[in-house]
Amino acid sequence: MYICDEKRMADKINTFSQFGDAGHGGITRYSLSPEAHQARDEFVRRLKAIGAVVETDDMANVYATIPGTDPTQKRIVMASHVDSVKNGGNYDGILGVMSAMEVLETIQAEKIPHRHPITAMIWTNEEGSLYPPAMMSSGVVTGKFDKEAVLSSKSILDPSKTFGEALEKSPYKGAAENRLSAEKYCAMFETHIEQGPILEAEGKDIGVVTCVLGMVNYRIRTYGQADHAGTTPMQYRRDALYAAAQVLLYLHEELDKLDPELVYTTGEIKCHPCVHTVIPDEVDFSIDARHENPDVIRQVVEIIKSIPAEVAKCKTGFELAWKRDTVYFDKKLVGYVKDSVDELGISNRFINSGAGHDAQFVSYMMPTTMIFVQSKDGHSHCEEEFSSVAQCTAGASVMLNAVLKLDADS
Ligand SMILES: [Zn+2]
């Protein structure tokens, strides 16, 4: 078994935390921003120094590859992202990139023999926080998104600017022939922070990820009548917001009867006309529900369909906005990760991912899997994100040994 280096990992965490440092413990590092380019420059500088060959593709994804002893073998790739949400932390995404770097650095420093070329990779614009959607480049490369459509994605800060213009200006924009493909690559690993509280609560350092949860996202609507807030007696009102509150309570009561592992959220609500002197005439809110088992998701949909057509004198309606089926990771790769973490003697458990990741799209293209590192207090997408150097290094060591198992077996 091989072990990655805690000192080298700590140095990377400290260094990358400076790119986009917001001044109070976290970073804002939008994709293709000067800060994100600093992070890419550092990645390239360090990996060229250990003999990696760097390529970029037409979505500005970056690939740094060290050769194996057998040039006829396909590459094994380890990838994640360096972009963050606004006021994000120092671990989401970048930990997977630093872990991939750490694996290559350990292989080169210790002259670990391997047959396949091995690649560390940066995905462009995973968060989609400046230019939506999330997982943009993995979506394009795996054929899930139309490239022309994402090029016209407008900046949320300045709608006169597009992702395509930012890409055109990026020194990392390269050739489409360098894209990740099943012809050139045989498997992808992604190490990521858990972004939830389960590993910490159970005292485990590492999560062996088996799947990305299936989900549905519905829009629920209630329709009332706009009237004056001062002159309309309560019994004459058709208040769409009051009706929406009743529907939301109904959904919570019914959904709570389903499997305890079901998670569901109303995170968005639009109230019209949203004026304090006017009774709302239309409310539109989201309900996002996630579970591994498609039967549970089907039950969720049945409950949504069972919302009475009229609630508190208001008509109701619903519409499917988005869905995805549960994405299972490759069993063989999951097995290599599980064997590696057990052989290293690191505490672990199987876990699923409630969040989407680039690995989810890539799994349609080639065998793919993920490794989770414990997140303190389950925090992510905020400045409080934290995983210890020991845990981060443990995640890299698990990925290193899992990559070497695949290298030896294929
Ligand atoms: Zn991420």
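Conventions adopted
- Residues numbered from 1 in each chain as written.
- Predicted model: local features only at pLDDT ≥ 70, side-chain atom pairs only at ≥ 80, totals over all residues.
- Core = buried A, V, L, I, M, F, W, Y, C linked by C-beta atoms within 7 Å.
- Buried ≥ 20, exposed ≤ 12 C-beta atoms within 10 Å, placed from the backbone.
- Helix = DSSP H or I, 4+ residues; strand = E, 2+ residues; numbered from the N terminus.
- Contact = placed C-beta atoms within 7 Å.
- Axes fitted to C-alpha atoms, helices over the stretch in contact; angles between N-to-C directions.
- Parallel < 35°, antiparallel > 145°, perpendicular 65-115°, else oblique.
- Left-handed = near helix turned anticlockwise from the far one by under 90°.

1. Side note on the nonpolar core
Taken as a class, soluble globular proteins show a tendency for nonpolar side chains to be buried jointly. Ranked by internal contacts, the top residues of the largest apolar core, which has 84 residues, are M78, V103, L104, M121, M399 and V403. With ten residues, helix α12 (residues 389–409) is the single largest residue contributor to this core. Beyond its immediate stretch of four places on either side in the chain, V103 contacts C4, M78, A396, M399, L400 and V403. Within the second largest apolar cluster, 21 residues are counted, among which are A243, V247, V283 and V300.

2. Remarks on the packing of helix α3 (residues 94–109) against α12
The geometry of α3 relative to α12 is characterised by a closest axis approach of 9 Å and an angle of 60 degrees between their N-to-C directions. Taken together, the axis directions place α3 and α12 in an arrangement best described as oblique. As α3 runs across α12, the sense of the crossing is right-handed. When α3 is examined against α12, the residues L95, S99, E102, V103 and T106 are found in contact with a partner set consisting of C392, G395, A396, M399, L400 and V403.

3. Points about the environment of E200
For E200, the position within the fold is in helix α7 (residues 198–201). Residue classification places E200 among the partly exposed residues on the basis of 17 C-beta atoms within 10 Å. When sequence neighbours within four positions are dropped, the list of residues in contact with E200 reads Q374, S375, K376 and G378.

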